[in-house]
Amino acid sequence: MKKLSAAALFAALAATGCASDEARERRAAREANPAPCPNIVVLNEASRFIEFDGDQTLENVAYSGEVLDVTSTCRYFEDEPIDAGLTIDLAFGKGAKGVEGKKTFTYFVAVTRKNSEVIAKSEFPIEVNFGDRPVETARVDIDKIIIPRANETISGINFEIIIGFSVTPQQAIFNRSGKSLKFPNLK
C-alpha cells in the first residue's frame, strides 16, 4: 500500500456542534452497513492535558483536558477504502492558575497499521471559552477519515485510529507516571 499524505488520508472536518446534512447522511450509511472497524485507541500518555504553573500540584493547575469517550463508525466493501467517522467527547478545566478565560487545546487523530507505523496524523485545535465556569465539555465529530486498502482482503481490523492531546514531553511523562491529582474536599 502506498503511503499517502495526511491531507489525502484525512479528508476530515472537525467541528463542534451541528453536523451538516451530508455528514449525517454519511454517518447513517456507515451505521447501516457496518464492517469490522479499526480499533480505537486513546493513547494513555496523551489521554489528558495538564498545564501546571509551578510544581505539579493541584494548586498549580492552570488548564486541563481529558478524552472522555470515543465512538466510531466505518463502512467499506469490495476493494473500496475504509470510510470512518469519529465522535470524541472531551472535558476541559480551568484551574487556580488559569489566567485567561479562553484556551486553545490541540488534539490529534492518527491512523496506523495495527501495531505498526503511522500512516497519517492530523492535529485539530479546539478553542474553549470558560467564561466564569471552571469546567467545559465538547463533542467533536470528525466525519470523514478515508483509509486506503491494498485489496478487498484487508479489513478494518488491520488498522488503528489513535486519539490524544498534543502534549509536551513533560506532560507525557506525567501522564505515563500514573500520577493523580488529589482533590482534598471530595469524599
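Refer to the structure printed above.
Report follows, based on the coordinates. (Residues numbered from 1 in each chain as written. Predicted model: local features only at pLDDT ≥ 70, side-chain atom pairs only at ≥ 80, totals over all residues. Heavy atoms only, no water.)

Some points on helix α3 (residues 169-177)
Three or four residues apart is the spacing at which side chains of an α-helix point the same way, because the helix has 3.6 residues per turn.
Now for step 1: For α3, the set of buried residues is Q171, A172, F174 and N175. Along α3, the residues classed as buried sweep out an arc of 160° about the axis, all on the same side. The exposed residues of α3 that point more than 90 degrees off its buried face are P169, Q170 and I173.
Now for step 2: In the core, the buried residues of α3 are packed alongside β3 (48-52).
Now for step 3: G178 lies just past α3 and shows a positive phi near 80°. (Buried < 20%, exposed > 50% of the residue type's maximum accessible area, 1.4 Å probe, protein only. Helix = DSSP H or I, 4+ residues; strand = E, 2+ residues; numbered from the N terminus. Arc of directions from axis to C-beta. Contact = heavy atoms within 4.5 Å.)

As for the pattern of salt bridges
Now for step 1: Tallying each qualifying case throughout the model produces 6 salt bridges.
Now for step 2: In this structure, the salt-bridge partner of E136 is R133, at a minimum N-O distance of 2.3 Å. (Salt bridge = Lys/Arg side-chain N within 4 Å of Asp/Glu carboxyl O.)

Description of the packing of aromatic side chains
Now for step 1: Throughout the structure, instances matching the rule amount to 8 aromatic pairs.
Now for step 2: With a centroid separation of 5.3 Å and an interplanar angle of 80°, the aromatic rings of F49 and F105 are classed as edge-to-face. A residue pair is termed long-range when its members are at least 10 positions apart, and F49 in strand β3 and F105 in strand β6 (residues 102-113) qualify at 56 residues. Like F49, the residue F105 is buried in the burial classification.
Now for step 3: Of the aromatic side chains, those joined through ring pairs into one cluster are F49, F92, F105 and F165.
Now for step 4: Across the ring face of F108, the terminal group of K121 is positioned such that the distance to the ring centre comes to 4.6 Å. (Phe/Tyr/Trp six-rings, centres within 6.5 Å; stacked < 30°, edge-to-face > 60°. Lys NZ or Arg CZ within 6 Å of the ring centre and 35° of its normal.)

Read these as geometric descriptors, not functional statements.
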